[in-house]
Amino acid sequence: MKKLLAAALVCMSSLSHAALISSSANPALAGGSTIDFTGVATGNATSYTIGDVTFSTSTGTLRIAPYGEGGSGWLGGGQTLTTRDTTGTSAFSILFANPVSAFGMDWGAANPSWNVSLFDASNNLLETVVFVGGNAGATFSEFYGAQHAGISRVELTSSSGYDWVIIDDLKYVAGNSNNVPEPGSLALMALAVAGLGATRRRK
């Protein structure tokens, strides 16, 4: 019984995985906030803080640019954020003032795939997902994001050196934890409780 209980607890601890989001209509984004960059003046900077979200890079600068600069025919409009003026391996981060449970954005013009690492408020790596680029079969007009409890920072890095990617309409949902347990979590929780009860009866 102890082995069964231990196995249940291990399984419960491993159930919290990031889910890749590929549609702005994903239910995980319902009721969230949106940043569209439209009110931000065209220009370059190493960091932009818009509302309670900060976008920054340590490789060159980020650029706020009009829609269509660097390519058209992709998702988005108005002003956009691009990595046009990053150097070396293109990379940027998104820092949320308060943890979020999900985020997503219009993602355009990416050639290589990008590695996207999710961190919590204590700087612990939660998980890494991949935003697939045009070189790996995606179109140059995608919507990408991720869902995981307690995301405070997102680090996005091109998997192959310099890449000019354009983002727009960042959507995010405040929340530190998932309020509704997954069915598998509930089943394992019941198993763990039953195991504890059986152990106590034996004693």
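Everything here concerns the structure above.
Counting restarts for each chain, with residues numbered from 1 along the sequence as it is written. In view of the model being predicted, local features appear only for residues whose pLDDT reaches at least 70, and side-chain atom pairs are presented and counted only at 80 or more, with totals across whole chains, interfaces and linings using the full set of residues. Based on all heavy atoms of the structure, the side-chain values leave hydrogens and waters out of the count.

S.K.: In this structure, what is going on with the packing of aromatic side chains? I would like to understand it.
M.R.: Each aromatic ring pair is characterised by the separation of its centres together with the angle its planes make. Each aromatic pair joins two rings of Phe, Tyr and Trp (for Trp, the six-membered one) with centres within 6.5 Å, and gets the label stacked for planes under 30 degrees apart, edge-to-face for over 60, and tilted for any other angle. For the structure on display, the rule yields 7 aromatic pairs. Seen from their ring centres, Phe-96 and Phe-103 are 6.3 Å apart, and the 45° between their planes marks the pair as tilted. The two residues Phe-96 and Phe-103 agree in class, both being buried. Cluster of aromatic residues (ring-pair linked, three or more members): Phe-92, Trp-107, Trp-114, Phe-131 and Tyr-144. Directly above the ring of Phe-119 sits Arg-153, whose terminal nitrogen or CZ lies 4.0 Å from the centroid. Buried, partly exposed and exposed residues are distinguished by accessible area as a fraction of the type maximum, computed with a 1.4 Å probe on protein chains only: under 20%, between the cut-offs, and over 50%, respectively. Charge-over-ring contacts are defined here by two conditions on Lys NZ or Arg CZ: a distance within 6 Å of the ring centre and an angle within 35 degrees of the ring normal.

S.K.: I keep staring at the environment of Ala-174 and nothing clicks. Help me out?
M.R.: The numbering of helices and of strands both runs from the N terminus, where a helix is a DSSP run of H or I of at least 4 residues and a strand a run of E of at least 2. Counting through the fold element by element, Ala-174 comes out in strand E12 (residues 166–174). A relative accessible area of 64% means that Ala-174 is categorised as exposed. Measuring from C-alpha to C-alpha, the distance between Ala-174 and Gly-150 comes to 8.9 Å, with 24 residues separating the pair along the chain.

That is the geometry; function is a separate question.
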